[in-house]
Amino acid sequence: MSRRPPEAERLPALAAPGGELDRLVAEGVRTVGAGAVWAVGDARGTLGGGGHGTLGQGPYARLAAGPDTLYDLASLTKVTALWPCAGVLWQSGRLPLDEPLGSWWPPAAGRPAGAVTVRQLLVHTAGLLPYTRFERLYGPDRAAIRAGVIAAPLHRAPGTAVEYTDRAAVLLGYLVEDLGGARLDALAARWAWSPLGMTDTRYGPLRAAETARTAPTEYHEPIDAHLRGVVHDPSARLLGGVSGNAGAFSTARDVARFLTALLDPPARLPWGGPWITESLREQTGGLTPARGLSWLVAAGTEPAEGTFVHYGFTGTGIWVSRRLGRWALLLTNQVHHSRVTQPLTDLRNAYRRAVFG
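Residues numbered from 1 in each chain as written. Predicted model: local features only at pLDDT ≥ 70, side-chain atom pairs only at ≥ 80, totals over all residues. Heavy atoms only, no water.

### Considering the sheet that holds strand 7 (residues 248-250)
- Read from one edge of the open sheet, 3 strands run 3-7-4, paired in antiparallel fashion. Bordering the open sheet on either side are strand 3 (71-72) and strand 4 (202-203), each of which pairs with just one other strand.
- Judged from the 2 bridges that link them, strand 4 and strand 7 form a sheet pairing that is antiparallel. Counted as the bridge partner of Y203 is A248 from strand 7. (Pairing = 2+ DSSP bridges. Helix = DSSP H or I, 4+ residues; strand = E, 2+ residues; numbered from the N terminus.)

Quick look at the structure:
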């Protein structure tokens, strides 16, 4: 009679070639319609992974999803680029989490944004408008968009509700750039990606050689083609491809390096243990959905279980649990096929249950 392997051995068994996770993803992509790359690991690195399906329709049907496929991370940019940069500034004493912005950041003084705190921006309780609509509201000029975001009225009183909005990351991105003295793409490369050897990770627009291994996203009528190597998110695209809310591209191989560092931060990492510990705990004081700093408590789990997740609109997702000492990623370009998300939601939930319980 077979016995369940000990917990320490369970993840390697799940991640074995042709094992439960591989079968789950292979079956799931047939329902989702988009190819997928998956990987799981612990503080030592990747324990297993694989790819199933193709990158899309038409000419993309000949291209298989794999560990070197570049994906538009969409909102995973918030945790792979913006969040570690905020951590560097916090750990160096330059980014207070709980002082109203208007009391220490001059652009916010006297503006509605001056009433909110960095912590509220990170947990989405700042009360900012729930939509972007930047071009309609502020026009195409980037300086006008920045001014408009900072001056925008609040949607509700800060600290009263959790309401996810891209405006929080865009606003925090402006603040991080001011404090860091450089654009967010340069700061993310310097503080997050280069120290971890994430050589495939960058903001777009991508060069031709990189675009050739990038998963296409949605058909874009103005160019009569699918977006590929250019950010899908319209707000980030309006901002030149570099924003706190979206714009980064990466591979499963690089994202695995990032997630491994959350469990075993290298000594050279300037946003290491203290920031990770502070962020990966419930920060919303009983408001729902429960969130940490940038991260969301995973669906189907309780905050005390310590499993956190972040998703991207294009079809990406990452999970981490310091309590269990494991991480997982599932990268797809679902939006290339459809904006019907339920099949992908079902696959994500099944995948999370298999890895984290």
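### Structural notes on the pattern of salt bridges
- Applying the stated criterion to the full structure yields 14 salt bridges.
- Residue E163 is joined to R156 by a salt bridge in which the shortest nitrogen-to-oxygen separation is 3.1 Å.
- A relative accessible area of 24% means that E163 is categorised as partly exposed.
- On the basis of relative accessibility, which here comes to 34%, the residue R156 falls in the partly exposed class.
- Between D200 and R253 there is a salt bridge, with the nearest N and O atoms lying 3.1 Å from each other. Taken together, the positions of D200 in the loop between helix 8 (184-193) and strand 4 and R253 in helix 11 (residues 252-263) put the pair 53 residues apart, joining distant regions of the chain.
- Each of the salt bridges in this network shares a partner with another, and the network as a whole consists of D98, R119, E278 and R281. (Salt bridge = Lys/Arg side-chain N within 4 Å of Asp/Glu carboxyl O. Buried < 20%, exposed > 50% of the residue type's maximum accessible area, 1.4 Å probe, protein only.)

### A short note on the pairing of strand 10 (residues 316-321)
- Buried residues dominate strand 10, accounting for 6 of its 6 residues.
- By the alternation rule, side chains of strand 10 split into T316, I318 and V320 and G317, W319 and S321, which are all buried.
- Strand direction decides the pairing type here: strand 9 (residues 307-312) and strand 10, joined by 6 bridges, are antiparallel. Residue T307 lies in a different strand from strand 10, and its bridge partner there is S321.
- The turn joining strand 9 and strand 10, which pair antiparallel and follow one another in sequence, is formed by 3 residues; a positive phi near 130° is taken by G315.
- In this sheet, strand 11 (residues 326-332) lies alongside strand 10 in antiparallel orientation, the contact comprising 6 bridges. Across the sheet, residue T316 finds its bridge partner in strand 11, namely L331.
- Hairpin remark: strand 10 followed by strand 11, antiparallel, with 4 residues in the connecting loop; positive phi at G325, about 70°.

### A short note on the side chain of T284
- Note that T284 resides in the loop between helix 12 (273-279) and strand 8 (296-297).
- Overall, the relative accessible area of 5% leaves T284 in the buried class.
- One polar contact links the side chain of T284 to the main-chain amide nitrogen of R291, over a distance of 3.2 Å.
- Excluding its chain neighbours within four sequence positions, the residues that come into contact with T284 are V123, T125, V162, P289, A290 and R291. (Polar contact = N/O pair within 3.5 Å; in protein donor to acceptor, adjacent residues only side chain to side chain. Contact = heavy atoms within 4.5 Å.)

### Notes on the pairing of strand 9
- Among the 6 residues in strand 9, 5 count as buried, and that is most of the element.
- Strand direction decides the pairing type here: strand 8 and strand 9, joined by 2 bridges, are antiparallel. Across the sheet, residue L296 finds its bridge partner in strand 9, namely V309.

### Focus: the nonpolar core
- W271, W295 and L329 are the most contacted members of the largest nonpolar core, which has 78 residues in total.
- Every residue in contact with L329, bar those within four places of it in the chain, is listed here: V37, W38, A39, A252, V255, A256, L259, G317, I318, W319 and Y351.
- Among the nonpolar cores identified, the runner-up in size contains 24 residues, and A15, L24, A34 and L347 belong to it. (Core = buried A, V, L, I, M, F, W, Y, C linked by side-chain atoms within 4.5 Å.)

Such coordinate-based values are descriptive only and should not be taken to indicate function.
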